[in-house]
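Coordinates in review
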Amino acid sequence: MARTRKRMRSATPPDATTTTGTTGIEATSPTTGTTGTTAMSSPTTGTTGTTAMSSPTTGTTGIAATSPTTGIAATSIKPTNATLVNSVVCKDLGQINGMLIQDDNIYVTTDRNTFNAVLPSGQFLHLAGALDGSEGFEDGRGADARFDHPHGIAPFPGIDGAFLIADKDNHTIRKVTHTGEVSTFVGEKKPGWLDGNDGLFRRPTDIIVGPDNNLIVCDKRNHALRTVSLSKQLKTLTGNSHSGTNDYNFFIDGPAEESFFFEPCAIALDRSARILVADYFNNAIRLVDTSGKVTTIAGTGVPGHVDGPGRTAQFSRPTAIAVDGRNNIFVADEHNDCIRMITRDPTEPETYNVTTLAFPESFALSNPIVLATDKLNRIYVAEFRSTASFRVISV
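These lines cover the structure that appears in this document, whether it is placed above or below. Keep in mind it's a predicted model, so treat the numbers as computed, not measured. The residue numbering used here restarts from 1 in each chain and proceeds along that chain's sequence as written. Only residues with pLDDT of 70 or above have their local features reported here, since the model is predicted, and side-chain atom pairs are shown and tallied only from 80 upward, although totals for entire chains, interfaces and linings are computed over all residues. Just so you know, side-chain values use all the structure's heavy atoms and leave hydrogens and water out.

**Let's talk about the environment of L119**
Applied cut-off: Strands are runs of DSSP state E lasting at least 2 residues, helices are runs of H or I lasting at least 4, and numbering of each runs from the N terminus.
Take L119: it is sitting in the loop between strand 6 (115-118) and strand 7 (124-128). For the pair L119 and I106, spaced 13 residues apart in sequence, the C-alpha separation works out to 6.7 Å.

Now the structure itself:
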């Protein structure tokens with residue numbers, strides 16, 4: 001929930017401090033010179049630490065697809081109306097890379113290599129990472145710790161106020177305690193593909209907690225999902241690393257050992273504890289069951305913007321994914337500058353439908369890259385921009 005990413009075009013986002021028709025909250029900058037110890041105590045209150053292709057072919061590489069259809073082609077599919085509830089702007093913190101919502105608290109990582117909290121008042125607190133935004137790889141407390149493009153955030157299972165962070169360019173998963181102490185939980189400061197006690201990642205971008213309290217990591221550049229036990233045993237759940245190859249036909253459904261992704265960048269759990277994957281360069285949403293079997297539920301592998309049944313719908317660089325309490329799936333469709341909603345067909349449970357969230361003309365998204373949902377089923381959206389900001393949306 002993915003973010004420094006490859007982009008096919010540049011974007012000039014609107015002024016982050018002015019959103020027509022909304023009440024913006026301008027938060028304070030972090031307190032210079034303070035460590036994460038004081039900051040951590042406030043936000044944590046009794047919570048538990050939270051070549052384009054056609055459709056994939058089982059067991060074989062895909063067949064080149066026809067040209068993508070531009071525009072929303074399915075005239076029988078109406079956009080889903082959405083409302084902008086709020087806009088939050090926090091200066092001097094850079095772009096938001098990852099977000100976690102626990103109770104009324106919002107935790108974010110930024111491209112200024114920090115981990116921060118947003119309180120209900122809108123105040124922004126620095127929890128860990130260099131105050132000057134410098135990158136590095138150092139364990140330590142608060143401002144003494146160093147990250148290198150931290151992304152996804154998850155609560156540490158069973159420990160109040162503790163978190164896990166996918167530290168992308170350090171190729172590691174970092175742990176942050178309620179006192180702001182940062183340590184390396186698993187991985188090393190080198191990219192690789194290795195399971196076991198000395199397991200290695202290659203640019204992990206997202207992390208969630210599974211129903212068995214094992215961690216699930218989106219290992220982007222290894223094109224795989226990995227699991228990590230609390231005893232730090234790393235195991236490949238599904239996907240196959242094809243780093244260094246020149247063959248881009250990697251859009252394959254099937255059993256864990258036969259499936260392929262192409263730079264998956266974000267993951268979420270649905271209400272049946274199945275894993276949903278935003279498969280970036282395959283322009284698809286994939287579903288992974290408990291055995292590791294992969295099924296494409298939406299997207300054709302071809303970039304485009306088409307609503308309708310999942311297997312004919314098209315995305316253009318899906319970057320983030322989130323699920324609300326009603327089991328609605330939301331996708332940040334980065335290069336289409338929009339949010340897509342995926343719902344199950346009530347008459348055919350294994351069939352999914354895709355719609356585009358519709359907003360008033362005064363509201364425009366630009367390169368959405370991070371999503372989260374809260375207990376009120378509201379959607380939080382962060383965009384690719386230089387100022388830490390996000391929008392709150394209801395559907």
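**Comments concerning the environment of G325**
For clarity, the threshold we go by: Throughout, exposure labels follow a simple rule: accessible area from a 1.4 Å probe, protein chains only, divided by the maximum for the residue type, with under 20% read as buried, over 50% as exposed, and the rest as partly exposed. Contacts are assigned to residue pairs that have any heavy atoms within 4.5 Å of one another.
Here G325 shows up in the loop between strand 22 (318-323) and strand 23 (329-333). Among the residues examined, G325 registers a relative accessible area of 53% and is labelled exposed. Separated by 52 residues in sequence, G325 and N377 place their C-alpha atoms 6.1 Å apart. For G325, the contacting residues outside a window of four places in its chain are R271 and N377.

**Description of the pairing of strand 23**
Counted only if it meets this: For two strands to count as paired, DSSP must find a minimum of two bridges between them.
Counting buried positions along strand 23 gives 5 out of 5 residues, so the element sits mostly inside the fold. Both strand 22 and strand 23 contribute to a ladder of 5 bridges, which runs antiparallel. Its bridge partner being in strand 23, V323 is matched across the sheet by I329. In this structure, the hairpin formed by strand 22 and strand 23 is closed by a connection of 5 residues, where N327 is found at a positive phi of approximately 70°. Sheet analysis places strand 23 next to strand 24 (residues 338-345), joined by 5 bridges and oriented antiparallel. For A332, the partnering residue across the bridge sits in strand 24 and is I339. A loop of 4 residues connects strand 23 with strand 24, the two strands running antiparallel in sequence, and D337 in this loop sits at a positive phi of about 55°.

**Here we look at the packing of aromatic side chains**
The condition is simple: Ring pairs are drawn from Phe, Tyr and Trp, using the six-membered ring of Trp, whenever the two centres fall within 6.5 Å, and their geometry is named by plane angle: stacked under 30 degrees, edge-to-face over 60, tilted for the rest.
For the structure on display, the rule yields 8 aromatic pairs. The interplanar angle of 65° and the centroid separation of 5.4 Å between the aromatic rings of F115 and F163 together place this pair among those described as edge-to-face. In this pair, F115 is assigned in strand 6 and F163 in strand 10 (residues 163-167), connecting sequence segments 48 residues apart. For the pair formed by F115 and F163, the shared burial category is buried. Between Y380 and F390, the aromatic rings sit 5.9 Å apart at their centres with planes inclined by 40°, giving tilted as the arrangement.

Geometric values such as these leave the question of function open.
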